[in-house]
Amino acid sequence: MGFKPRGFTVEDMTEELAANVSDALAVETAKFEKQARKDADYVKDELQRGTFDNNQSIIGLEYEFYAVTDGRWTRSDSERATSLMRVPRRLLNMIGFERELGLHNAEMLTSPQPLNAEGLTAQESEVRARLRAALDCTKAEGIRLVSDGLWTVAPTGESARRYLCDSIEDHGIRIATNMSNAVRYHAMANGPLAANTMQIDAPHVSLSADTVMPESLITSIQPHFQVAYANDLSRYFNYALRLAGPVLALSVNSPFFPPELYDEVEPQQILADGYAENRISVFESVLNTNEMKKVRFPRDLESTEDAIDRVAADGTIVPMPVPRGNRFDDNFATLRRKHGTYWRWVRPVFDGKTRSSANARIEFRPLPAQPTVRDSVSLQALFAGLMESLPQREHPVIDQSWSTAKQNFYAAVQDGLDANLQWVCHDGVEKSEPESIFTDIFAHAKDGLTSAGCSATVADSYLDPLRFRVNHRLTPAGWKIDQVKDELAHGATFSEAISEMQQEYISQQRSTLLEGSFSDWDRWES
């Protein structure tokens, strides 16, 4: 007999995870959905009692990162020699970050703050303070956290394709090797989604997998906006839909995949046909099936109750058992569980650990992670200011057709700031010139921030990094494309060009992530 180590082995952990996934999938879907509908009725009753109302607007932020090597574990002494790296789970606990889909991911959630000058300052300060501490801690482990829309350099000695597709089967349960051990992530690949091969649909890219792991290519920021009066959520939501295209156009930051995922096509063809924001197509193509479109641009809401009913009626893919305790939100725990797979680019949320903290909010989900903290907070402030101003001013863009808002969104996915967008300005006239669109958008964002208590100078300081992008017609995606084109012009292969671009992105971010902004980056020099 061979030596068998004492204690809990990797095989034991895999077997336990597979067993937990089996238990989750054994829950009767019809019973789960019936309870979700009962929970929805409870939420609607509390909505009418005013339980989800607040005395003012509240803001929050989800901020995702991926990890790369920081020199300690590489043979090269160069800071530029970086590649994707798995983050030890114990390290995530130490730095106070949350697990995300892939082992290379980490997520920060800010504390909700009132929408005012102090609240915005608190949001930015919290992100900087926690991120600075996390960077100091991870540096000792040879790891650096990167704020970016989509990673392109696989772990050292591994291929991106294998990293994303590697999996094992245990008692009929498919387990992704490089996925976090959260049961719900693995349950996704073994429930209704398992009938379809999970593949990426993007120009000249080929990747199919047996799990949802390809979704871990992408990282995001997600501003949250809690409405003061929950019954007004539907109106704010419909404004947010019309903002999705223009705000995404400002923020695009994922034009490239790991080079080995591309078909054998000339680089110029890839550049000509590629999207400015591949994060959208990755999320949609990996998680949608022919029968169930879980990730999509949602339709307008008729009422706030309509939002609750939509979550309850959404297709179930992970009918996991839901323990109920004594918290307020335990009264609708099954609906909250179902909400976890209610993936829409603008998402309504009803939440609260206690009755006094109960809230109705909008999660704005289209935005990729940004080059710096200042850029991320600028987008948070832009969204918050617009949410504060547009409904109060009864801005006429609310009358823009839903189909036009959707067209704007997917045009921004493809072309960023070069997209052909349509926007109804404050005078009621629909315009397509970028100068007119963004002049109106920035003016109302500033109005919302100043009406919330920011001085004009402070409001401008939040919006100026985004004005820079419009004035210079330059987004992070555009910067990356320019870098790749320059490398190709100097004789690099397409793979080399993407690698050099990524190393330059991380190098520029090293000195600007905490204190600078994208506008400080040098566009031309490497």
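Being a predicted model, the structure only gives us computed values, none of them experimental.

About the cut-offs
- Within each chain, residue numbers correspond to sequence positions counted from 1 in written order.
- Local features in this predicted model are restricted to residues of pLDDT 70 or higher, and side-chain atom pairs are both shown and tallied only at a pLDDT of 80 or more, whereas totals for entire chains, interfaces and linings draw on every residue.
- Side-chain measures here rest on the full set of heavy atoms in the structure, leaving out hydrogens and waters.
- Buriedness of a pocket was judged along seven lines, with at least five required to meet protein on both sides within 12 Å; pockets are open sets of points on a 1 Å grid over the protein atoms alone, cavities are sets where a 1.4 Å probe fits but cannot get out, and lining residues have an atom within 4 Å of a point.
- Grid points are joined across faces, edges and corners, and a volume is the space filled by probe spheres set on the points.
- Only DSSP runs of H or I reaching four residues or more are called helices, and only runs of E reaching two or more are called strands; each is numbered from the N terminus.
- Buried, partly exposed and exposed residues are distinguished by accessible area as a fraction of the type maximum, computed with a 1.4 Å probe on protein chains only: under 20%, between the cut-offs, and over 50%, respectively.
- Residues are treated as being in contact if the distance between any of their heavy atoms lies within 4.5 Å.
- Contacts described as polar in this section are N or O atom pairs within 3.5 Å, which, within protein, must combine one atom able to donate a hydrogen with one able to accept it, while residues neighboring in sequence count only if both atoms come from side chains.
- Strands pair, by our definition, only if DSSP identifies at least two bridges between them.
- What counts as a salt bridge is simple: a side-chain nitrogen of Lys or Arg found within 4 Å of a carboxyl oxygen of Asp or Glu.
- In this description, a nonpolar core means a group of buried Ala, Val, Leu, Ile, Met, Phe, Trp, Tyr and Cys residues linked to one another through side-chain atoms lying within 4.5 Å.
- A residue's pLDDT is simply how confident the predictor is in it, with values from 0 to 100.
- All axes here are fitted lines through C-alpha atoms, helices being fitted over the stretch that makes contact, and every angle between N-to-C directions spans 0 to 180 degrees.
- Convention used here: angles under 35 degrees read as roughly parallel, angles over 145 as roughly antiparallel, angles from 65 to 115 as roughly perpendicular, and any remaining angle as oblique.
- Handedness of each helix crossing follows the sense of rotation of the near helix against the far helix: counterclockwise by less than a right angle gives left-handed, clockwise gives right-handed.
- The residue classification treats Ala, Val, Leu, Ile, Met, Phe, Trp, Tyr, Cys and Pro as nonpolar and Asp, Glu, Lys and Arg as charged. All others, Gly included, are polar.
- When two rings of Phe, Tyr or Trp (its six-membered ring) have centres within 6.5 Å they constitute a pair, described as stacked for plane angles under 30 degrees, edge-to-face for angles over 60, and tilted for the intermediate range.
- Any Lys NZ or Arg CZ found within 6 Å of a ring centre and within 35 degrees of that ring's normal is scored as a charge over the ring.
- When charges are counted, neither His nor the chain ends are considered; positive counts come from Lys and Arg and negative counts from Asp and Glu.

(A) Structural view of empty space enclosed by the protein. All chains considered together, the criterion is met by one cavity of 30 Å³ or more. Each pocket or cavity is described by its volume, and for the largest cavity that value is around 50 Å³. Those elements that place two or more of their residues in the lining of the largest cavity are β1 (58–69) and α17 (494–512).

(B) Inspection of the environment of Lys480 at higher detail. Within the secondary structure, Lys480 is located in helix α16 (residues 476–489). A relative accessible area of 2% means that Lys480 is categorised as buried. With near-sequence residues (within four places) excluded, Lys480 lies in contact with Asp148, Asn253, Pro255, Phe256, Met501 and Tyr505. A distance of 2.9 Å separates the side chain of Lys480 from the backbone oxygen of Asn253, its partner in a polar contact.

(C) Main features of the pairing of strand β6 (residues 173–176). Two elements, strand β5 (residues 167–170) and β6, share four bridges in a ladder whose sense is antiparallel. Residue pairing in the sheet places Ser167 in a bridge with Ala176 of β6. Following β5, the chain reverses through two residues before pairing antiparallel with β6; His171 in that reversal takes a positive phi of roughly 55°.

(D) Main features of the pairing of strand β2 (residues 105–109). Within β2, four of the five residues are buried, which leaves it mostly tucked inside the rest of the structure. The pairing of β1 with β2 spans five bridges and is classified as antiparallel. Of the residues in β2, the one forming a bridge with Tyr63 is Met108.

(E) Molecular detail of the pattern of salt bridges. Applying the stated criterion across every chain yields a total of 33 salt bridges. Between Glu515 and Arg132 there is a salt bridge whose closest N-O contact spans 2.7 Å. In this pair, Glu515 is assigned in the segment after α17 and Arg132 in helix α4 (residues 117–139), connecting sequence segments 383 residues apart. The class for Glu515 is exposed, based on a relative accessible area of 56%. What emerges from the salt-bridge pattern is a single network uniting Arg327, Asp329, Arg336, Arg347, Asp351, Arg361, Glu363 and Arg365.

(F) Geometry of the nonpolar core. Phe52, Phe97, Leu131, Leu145, Phe257 and Leu382 are the most contacted members of the largest nonpolar core, which totals 168 residues. The element best represented in this core is helix α7 (residues 233–251), accounting for twelve residues. Setting aside residues no more than four positions away along its own chain, Leu145 makes contact with Phe65, Tyr66, Ala67, Ile95, Phe97, Ala106, Leu131, Ala134, Leu135, Gln509 and Leu513.

(G) Spatial organisation of the confidence of the model for the protein. Per-residue confidence for the protein gives a mean pLDDT of 92; residues scoring 70 or more make up 94%. Low pLDDT, under 50, characterises residues 1–10; the stretch is placed with three contacts to residues that sit more than four places away or in other chains.

(H) Up close: the packing of α7 against helix α13 (residues 402–415). Packing of α7 against α13 leaves a shortest axis separation of 8 Å and a crossing angle of 20°. Overall, the two elements α7 and α13 adopt an arrangement that is roughly parallel. Crossing of α7 against α13: the hand is left-handed. Residues Leu241, Arg242, Ala244, Gly245, Leu248 and Ala249 of α7 form the contact with α13, whose participating residues are Trp402, Ala405, Asn408, Phe409, Ala412 and Val413. Of the residues that constitute the contact of α7 with α13, the class distribution is nine nonpolar, two polar and one charged.

(I) Layout of the packing of helix α14 (residues 434–451) against helix α15 (residues 456–472). Contact geometry for α14 and α15: axes closest at 9 Å, N-to-C directions at 155°. When the axes of α14 and α15 are compared, the pair comes out roughly antiparallel. Classified by chirality, the crossing of α15 by α14 is right-handed. Contact residues: α14 offers Phe438, Phe442, Ala445, Lys446, Leu449 and Thr450, while α15 offers Ala456, Ala459, Asp460, Leu463, Leu466, Arg467 and Val470. Along the lines of polarity and charge, the residues of the contact of α14 with α15 split into nine nonpolar, one polar and three charged.

(J) Region of the structure containing the packing of aromatic side chains. Taken as a whole, this structure holds 26 aromatic pairs when the rule is applied. Members of the aromatic cluster, joined through ring pairs, are Phe283, Phe297, Trp343, Trp345, Trp402, Phe409 and Tyr410. The ring of Trp343 is capped by Lys294, whose NZ or CZ atom sits 5.8 Å from the centre of that ring. Over the ring of Trp402 we find Arg299, and its NZ or CZ is 3.9 Å from the ring centre.

(K) Spatial organisation of unusual backbone geometry. Although it is not a glycine, His171 adopts a positive phi angle of roughly 55°. Its place among the elements puts His171 in the loop between β5 and β6. Not every positive phi belongs to a glycine, and His204 is a case in point at roughly 65°. Mapping His204 onto the fold places it in the loop between β7 (198–199) and β8 (208–209). Since its relative accessible area comes to 22%, His204 is described here as partly exposed.

(L) View of the side chain of Glu277. Among the secondary structure elements, Glu277 is positioned in the loop between α8 (267–273) and α9 (278–287). Notably, Glu277 is buried but unbridged: the nearest opposite-charge side chain belongs to Arg279, and the N-O separation is 5.5 Å. Contacts of Glu277, omitting those with residues within four sequence positions, involve Leu248, Ser251, Val252, Asn253, Ser254, Pro368 and Val413.

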